[in-house]
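Reading the structure
Single-letter residue listing:
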Amino acid sequence: MTDTPRAVLVDAIATLVTNDPGLGHGQVGEIPDAALVIEDGRVAWAGPRDRAPAADARVDAAGRCVLPGFVDSHSHIVFAGDRSREFAARMSGRPYSAGGIRTTVAATRAAGDAELLANARRLVREAHAQGTTTLEVKSGYGLTVADEERALAVAARVTEEVTFLGAHVVPPEYADDPQGYVDLVTGPMLEACAPHARWVDVFCERGAFDEEASRRVLAAGVGRGLLPRVHGNQLGEGPGVRLAVETRAASVDHCTYLTAEDVDALAQAARRPEPTVATLLPGVDFSTRQPYPDARALIDAGALVALASDCNPGSCFTSSLAFCVAVAVRDMGMTPDEAVWAATAGGARALRRTDVGHLAPGARADLTLLEAPNHLYLAYRPGVPQVAAVWKDGELVAGRP
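Quick caveat, the model's predicted, so the values are computed rather than measured.

**Some thoughts on the side chain of H168**
Here H168 lies in the loop between β7 (161–167) and α5 (178–193). In this structure the side chain of H168 is engaged in a polar contact, spanning 3.0 Å, whose partner is the backbone oxygen of G140. H168 has contacts with H76, I101, G140, Y141, L143, F203, A208 and F209, leaving out every residue within four places of it along the chain.

Below, the structure written as structure tokens:
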């Protein structure tokens, strides 16, 4: 047996971001000169340093910032293959379209389970090292019953947040029978995949699935006990946001092209007990040279906004939510507080989680120690490694204090 301290005091924190305005100042519940106590994998206490209770062990934050671990509510890390040349072609002027996904589908089908799992674990470690402690993972690169099921089985080995995305694109073998593929997704594929997943998702977009097909996919998934999410409004205005709000999806992701009616619908949905969150993916727009979403319009209207990586091999091969925070501040009209909240508490809302994304007593002890005095440095010093240490459920998973 090892003598693991029951209570650990993280002390001498210059700035503690709690995301609880009841504990600190402003939207992010900021506490200066703070401390935090971890006990049994949870936050037991958080507050001013001079009021900290006794503990069995002490970690010296040495005048640095502590914030909640990032909650990345959108990723596609179960895949094989490489699309770097496609990226280079885009940078040379070729427009992005949903069809590039089929390149990854071919490579993923050809890969063994061990290869897929090793790559997923590598990317989870990479995300941990950059401050992410909760990661949603989708299927969507198999697009056969067997390949989607094994992708979800791999995903379930690296995260609690697993999403069935058989409706990513129509695979080549169904190019002349897209309705037949929707029948497969909502029938045998769903039956095989539902036991491995918590969520069902659909790419409601031109080049992928129209509104009618998307509605069928979501309804079938909900009928099998899965919770709905939607990819929508990435390549142009369309029905994605409306469909997500109508089906009470937890999140609609991308939201690059929004009408005034879409913004209003998301603002109205934010007032529901279980809101539909607008999850913005700035890394995708950076990597595809698409316009950035108007986060300012969404926030000013009252919509709930999350930031996520969309880590995938095609349109956005980054796992860094710190990078996404910096882009959101620079190019999407968000303040640093709003962007940090969106990448932590916002992501938790998009996953309907109350145990992560904040550091109030009772929350999971998922926290990141920055080599910086405050969270503003995430946008202030873009591209600079700033994560000193990361804890998940109170256990150190990356770096060292």
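**Some points on the pairing of strand β11 (residues 251–254)**
When strand β10 (residues 230–232) meets β11, the two strands line up parallel, connected through three bridges. Across the sheet, G232 pairs through a bridge with H254, a residue of β11. At this point the chain moves from β10, through helix α7 (residues 240–246), to the parallel β11, and the crossover so formed is right-handed.

**A closer look at the packing of helix α4 (residues 145–155) against α5**
Across the interface, α4 lies against α5 with an axial gap of 9 Å and an inter-helix angle of 40 degrees. Considering their axes alone, α4 and α5 lie oblique with respect to each other. Crossing hand, α4 versus α5: right-handed. Along the contact surface, α4 presents V145, E148, E149 and L152, while α5 presents L184, P188, M189, A192 and C193. For the contact of α4 with α5, a count of residues per class yields seven nonpolar, no polar and two charged.

Conventions adopted
- Residues numbered from 1 in each chain as written.
- Predicted model: local features only at pLDDT ≥ 70, side-chain atom pairs only at ≥ 80, totals over all residues.
- Heavy atoms only, no water.
- Helix = DSSP H or I, 4+ residues; strand = E, 2+ residues; numbered from the N terminus.
- Polar contact = N/O pair within 3.5 Å; in protein donor to acceptor, adjacent residues only side chain to side chain.
- Contact = heavy atoms within 4.5 Å.
- Pairing = 2+ DSSP bridges.
- Right-handed = clockwise from strand over helix to strand, strands pointing away.
- Axes fitted to C-alpha atoms, helices over the stretch in contact; angles between N-to-C directions.
- Parallel < 35°, antiparallel > 145°, perpendicular 65-115°, else oblique.
- Left-handed = near helix turned anticlockwise from the far one by under 90°.
- Nonpolar A, V, L, I, M, F, W, Y, C, P; charged D, E, K, R; others polar.

So far we have only geometry, and geometry alone does not tell us how the molecule works.
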